[in-house]
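# Chain and residue survey
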Amino acid sequence: MRVNRLTWVLAFGSVLGSVAKAAEIVEVLPLTSQILMVHFDEGSVIHHRKGQKRSDEQVLIQPLDVARASSVSSYRIESKDDPAYRAPQVPGKVYRKAKGTDFAWFVDSWVDGRAVNNRPDHVQDHWVYLALRSPLVEGKTYQLATDLGTNAKTFSLRFQAAKSRSEAVHVNLLGYVPTAPQKFAYVYHWMGDGGSLDVRSLVGRKFAVVNHATHAKELEGTLAFRKPKDNRETQQVGDSPPFGNFLGADVAEADFSALQKPGAYVVSVEGVGCSFLFEIKADALRPAFRATARALYHNRSGIALVKPFTEFERPAPHNPKLTPGFGGKLKYTSVPYQDWGSEGGVKAVLDAGIKGNLDAYGWYQDAGDWDSYVTHLRVATELLFSYEMRPRNFKDGELNIPESKNGVPDVLDEAAWLPRFCRRIRLELKQKGWGTGGLGLRVAGDAYGEDGEGVPSYEDVNRTWVASGEDPVSTIRYAGAAAHLAYAFSVAKVADPEGVDWTREAEEAYAWAMAHRAPKFEEEMKVHRIYAAAALARLTGEASYGNQLAADTGDLTATSELWFESAYGPGIVALGGPKMKLGAALVGRLRGAILKTADLSCETAGKRGLRWGGLEGFPMLVGHQTTPWMLEVMLGWGATRVSDPAKATRYLAALYTTADYFLGTNPLNQTWITGIGERFPTAIFHMDAWYNGKGRFHEGLIPYSPWRKEREFGPGPWDQHWGQKAIYPANVDLWPGAERWWSNRCSPMGSEFTVHQNIGPAAAFYGFLSASR
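### Observations concerning the sheet that holds strand S10 (residues 141-145)
Spatially, 3 strands are ordered S5-S10-S11 in an open sheet, and the strand pairing comes out antiparallel. A single partner strand is all that each edge strand has here, and the edge strands are strand S5 (76-78) and strand S11 (154-158). Neighbouring strand axes in the sheet, compared pairwise and without regard to direction, differ in orientation by 20° on average. Relative to S11, S10 runs antiparallel, the two sharing 5 bridges. Bridge assignment links Leu144 to a residue of S11, and that residue is Phe155.

### Focus on the sheet that holds strand S9 (residues 122-131)
Strand order in the open sheet formed by 4 strands is S1-S2-S9-S6, and the pairing between neighbours is antiparallel. Of all the strands in the sheet, the pair left with one neighbour each is strand S1 (24-32) and strand S6 (93-103). Adjacent strand axes in the sheet meet at a mean angle of 20° when their direction is disregarded. Here 7 bridges tie S1 to strand S2 (residues 35-41), and the two strands are oriented antiparallel to one another. Across the sheet, the residue bridging to Ile25 is Phe40, located in S2.

### Points about the nonpolar core
In this structure, Leu412, Leu549, Leu655, Tyr766 and Leu769 are the most contacted members of the largest nonpolar core, which totals 170 residues. No other element matches helix H7 (residues 472-492), which puts 13 residues into this core. If sequence neighbours within four positions are ignored, Leu549 has contacts with Ile530, Ala533, Ala534, Val573, Leu582, Leu586 and Leu590. Counting 32 residues, the second largest nonpolar core, distinct from the first, contains Met191, Leu223, Phe276 and Ile280.

### Digging into the confidence of the model for the protein
For the protein, per-residue confidence averages 95 on the pLDDT scale, and residues scoring 70 or more make up 97% of the total. When the criterion is pLDDT under 50, residues 1-22 qualifies, and its contacts beyond four places in sequence or with other chains add up to 77 contacts.

### Some points on the environment of Val45
Mapped onto the fold, Val45 is located in strand S3 (residues 43-46). A relative accessible area of 0% places Val45 in the buried class. Residues Val45 and Val59, 14 residues apart in the sequence, show an inter-C-alpha distance of 4.4 Å.

### Quick notes on the packing of helix H2 (residues 286-298) against helix H17 (residues 755-768)
Two elements in contact, H2 and H17, have axes whose closest approach is 8 Å; the angle formed by their N-to-C orientations is 145°. Considering the relative orientation of H2 and H17, their crossing is left-handed. Contacts from Ala288, Phe289, Thr292, Ala293, Ala295 and Leu296 of H2 reach H17 at Val755, Ile759, Gly760, Ala762, Ala763, Tyr766 and Gly767.

### A few points about the packing of helix H6 (residues 417-431) against helix H8 (residues 502-515)
One can describe the packing of H6 onto H8 by two numbers: an axis separation of 12 Å at closest approach and a directional angle of 60°. Relative to H8, H6 is oriented oblique. Our pair here, H6 against H8, has a crossing hand that is left-handed. Contact with H6, carried on its side by Pro419, Arg420, Arg423 and Arg426, involves Trp502, Glu505 and Glu508 of H8 and no other residues of that element. In the contact of H6 with H8, the residues fall into 2 nonpolar, no polar and 5 charged.

### With respect to the environment of Arg86
By secondary structure assignment, the location of Arg86 is in the loop between S5 and S6. The exposure class of Arg86 is exposed, given its relative accessible area of 52%.

### Here's the deal with the pattern of salt bridges
Under the definition given, this model contains 44 salt bridges. Of the charged contacts, one joins Arg679 and Glu167 as a salt bridge, the two residues approaching to 2.8 Å between their closest N and O atoms. Of the two residues, Arg679 is situated in the loop between helix H14 (645-665) and helix H15 (687-690) and Glu167 in the loop between S11 and strand S12 (169-170); the sequence distance between them amounts to 512 residues. Like Glu167, Arg679 is buried. Across the pair Glu398 and Arg773 runs a salt bridge, and its minimum N-O distance is 3.2 Å.

Quick notes on the rules
- Residues numbered from 1 in each chain as written.
- Predicted model: local features only at pLDDT ≥ 70, side-chain atom pairs only at ≥ 80, totals over all residues.
- Heavy atoms only, no water.
- Pairing = 2+ DSSP bridges.
- Helix = DSSP H or I, 4+ residues; strand = E, 2+ residues; numbered from the N terminus.
- Axes fitted to C-alpha atoms, helices over the stretch in contact; angles between N-to-C directions.
- Core = buried A, V, L, I, M, F, W, Y, C linked by side-chain atoms within 4.5 Å.
- Buried < 20%, exposed > 50% of the residue type's maximum accessible area, 1.4 Å probe, protein only.
- Contact = heavy atoms within 4.5 Å.
- pLDDT = per-residue confidence, 0-100.
- Left-handed = near helix turned anticlockwise from the far one by under 90°.
- Parallel < 35°, antiparallel > 145°, perpendicular 65-115°, else oblique.
- Nonpolar A, V, L, I, M, F, W, Y, C, P; charged D, E, K, R; others polar.
- Salt bridge = Lys/Arg side-chain N within 4 Å of Asp/Glu carboxyl O.

What follows is the structure, given as structure tokens:
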């Protein structure tokens, strides 16, 4: 993490591959005038590098003496200018929380099928809270004396609410758009065995938004109570955190919605402290869009990443013509992915359908598996929706990708990446006589061995990879994306720079998929057929597509809920287009369902203490706490911006406050995007990044975790729940859901990402909220 130095702190950095000093006190901050927070770091892990085994990892640790750290006698606070502390005082009480912040990937032995390590395999950070007998006084200076840290024995702090940062004050670390309908800072904190910070006693206190340059108070107000710690924020029951509340803390709020003056600010709260520095400016969220969109570029397969497009260079992975040693390793099997027998496929099943070698390349990679999935087409669709609703937010050349300056907005170039792969593989199958116009989008090597330890994607050449056979699901999804892409090019008033006729591609793929319908594909195919039919009906105006759309949506009403991919087709209808010729009843039903879903997402935001929206019943996994899944509300805005401006404003407010949550108002006071903001995740499961030689990740990665409680099956650091052994309080059921980030880079379920669940939706979301260019 990175630490803002608005008050006294020790310099501290924790980045990929670094070796930090052990058992240091890295921060001494006021949580409030009544509580000091002391942050301890026990050490670091030397992680394996390219070509090394995972068992080579080493842990450098000097554990904190937690018994002494929990004793009031271990601390003395005194002051020369506060009479209450002229004689040194010990705190009245001490509270603590701790969790692992770096994990090694090795297993010493197995006992009854469970991993056991006999040596340290992780380090912890500890946050100790000293409840003071007398409050700190504004403008006075204090010294904390303790011999628990290895780096110093005495720490000085001058308490100034406008300059002394408090972990209890939460803001969007990137900032706020001047015209955002709502702007809030929040005051809350969970102190481990000390429970929730008492914010009710702070209600009515003065807060100010302080200009960082001039120190002027640009806006003042009073703190208001927002939500209690037992406020239910999810419909989930079996896997829910305490009270169904993700914070475990009472929340107070500081409303500064009226402030529109651009500048750099902190929010200061009387008797508490201040926030991290943030900005108010029109394009405050552009860095989040640029980082996540460029993360898509960094996770392209089949091309080399080179300067000047990136400093994180690497050769092309899994390209039969470019990747040394991969020639002849990519095979085509006629077996559709639905019949593979498992996600990675059963070798005998795949072998039975092998036709020969493929030259196709150019899918997306995820964090640790470098496979292609049909679901990756979500990236294209959601970027296209974002562009067509707010085309002025995007321009050519802004992302510094290989296609930049080709006359097409960069976001459309990125949206076209996977459709271009679909087209290449479709045409190659036809040319070789192995296909008749369809395609399959599953490409994997799992059935033919593992990638190996210390091996990056571009050296994964010692096993066979296979591309799945033609299937109507992959093909109809491609038809929808191709039609959507063609429409977006028309909005941009540009031609495809490679001369591709995307309308023809969409029509041919749609026709093939419809001709190859089969009962076993029907359920999976239907939702994507709705998307393709809607996209083609809007693009061409042909009645046959509208008729199919009407038939497939006959069971939908204006009160149906349409989440995630089920919103794609109805979303196109709600947005409309000049060539779309659909009956009023059909449009009314589908538009109504989009607005119903958007309303529910906004209602969820209203129920939650920190105002972030989404599907209230979604379980806490695969990015629930890290990724803004708000496409339905974006579509609601697009459908009402002209016809119902008041409703559109309500949608926009929920979009902005949701961005706030994922960019800083969350309990960890961090953005959930690597490299962006004052504090961000630094432990990601991403093997190419582990071996990039830079000692850090490229920007824009968003991990899955925090994660719901599940059974720990014992596979060691690989398990998402391995981190639970490194927490205090030791019972994970006591931990608020949003605090369950264990920084275990070894665990795929904890710290990996996918392009379609995390990075793509985030890029579409933050691009939608960026300023017009």
